[in-house]
Amino acid sequence: MYTEISNMARYCVGCGEEIHPKRVEILPNTKTCVECSNTGMKRGVPVMHGNVEKDDTWVDMVFMEEEQYRNYEIQTGRLSKNASKAEMNSYDKEDDIKPSSLPNEED
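Just so we're clear, the structure is a prediction, and the values are computed from it rather than from any experiment.

Trainee: Requested: an account of the layout of surface pockets, with residues and values cited.
Mentor: Unoccupied space between atoms shows up once a probe the size of one water molecule is rolled over them. Its boundaries defined by the atoms lining it, the largest pocket holds a volume of some 360 Å³. Around the largest pocket, the lining comprises 13 residues; the ones closest to its centre are Lys-31, Thr-32, Lys-42, Glu-65 and Gln-68. Contributions of two or more residues to the lining of the largest pocket are made by α2 (34–37) and β2 (56–65). Of the residues in the lining of the largest pocket, the class split is 4 nonpolar, 5 polar and 4 charged.

Here it is in C-alpha cells:
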C-alpha cells in the first residue's frame, strides 16, 4: 500500500529552520520552508523520458531555482559562461530609449 513518510525533521536549505511537518507531508520532496519558497523566480524545463524507438515517451517538467537554471543553460551550451548577470536581469522599457532618439531641444 502506501509507505509512511519518515518522522525525521527536515531543514530548509534557504534559512536552516525546520520545515513544518505538514508541508513535508504534502510536498515530500520539498527543500524549503514556506518563507523561503517564494523568494525567487522558478524556471521550468521539459524533460522527455522513455524510448523513442518504441513510441513509449512522456514529458515531465523539472522546476529549478534561477541559479540552477542558469547552470543548466551553461551546461547545455544555451548560455555563454561569460554572460553577465546584467544580461539575465529584467529592465524597464524606458531603458530602450537612447538619448539620440529623443527630440533635440535646439531644433
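Trainee: Account for the confidence of the model for the protein chain, naming residues and giving values.
Mentor: With 64% of its residues at a pLDDT of at least 70, the protein chain reaches an overall mean of 75. No element of the protein chain has a lower mean pLDDT than helix α4 (residues 85–88), at 51, and none a higher one than helix α1 (residues 21–26), at 91. Here residues 96–102 scores under 50 on pLDDT; set against residues more than four positions off or in separate chains, the count is 2 contacts.

Trainee: Quick one: what's the story with the environment of His-20, residue by residue and with numbers?
Mentor: Turning to its location among the elements, His-20 is positioned in the segment before α1. The spatial distance from the C-alpha of His-20 to the C-alpha of Val-34 is 8.4 Å, given a sequence separation of 14 residues.

Trainee: Kindly report on the pairing of β2, identifying the contributing residues and their values.
Mentor: Sheet analysis places strand β1 (residues 42–51) next to β2, joined by 10 bridges and oriented antiparallel. The residue bridging Lys-42 from the neighbouring strand is Glu-65, located in β2. Counted along the chain from β1 to the antiparallel partner β2, the turn is 4 residues long, and its residue Asp-55 has a positive phi close to 55°.

Rules used in this analysis
Residues numbered from 1 in each chain as written. Predicted model: local features only at pLDDT ≥ 70, side-chain atom pairs only at ≥ 80, totals over all residues. Heavy atoms only, no water. 1 Å grid on protein atoms, 1.4 Å probe; cavity = no way out; pocket = protein on both sides within 12 Å on 5 of 7 lines; lining within 4 Å. Points joined across faces, edges and corners; volume = space filled by probe spheres on them. Helix = DSSP H or I, 4+ residues; strand = E, 2+ residues; numbered from the N terminus. Nonpolar A, V, L, I, M, F, W, Y, C, P; charged D, E, K, R; others polar. pLDDT = per-residue confidence, 0-100. Contact = heavy atoms within 4.5 Å. Pairing = 2+ DSSP bridges.

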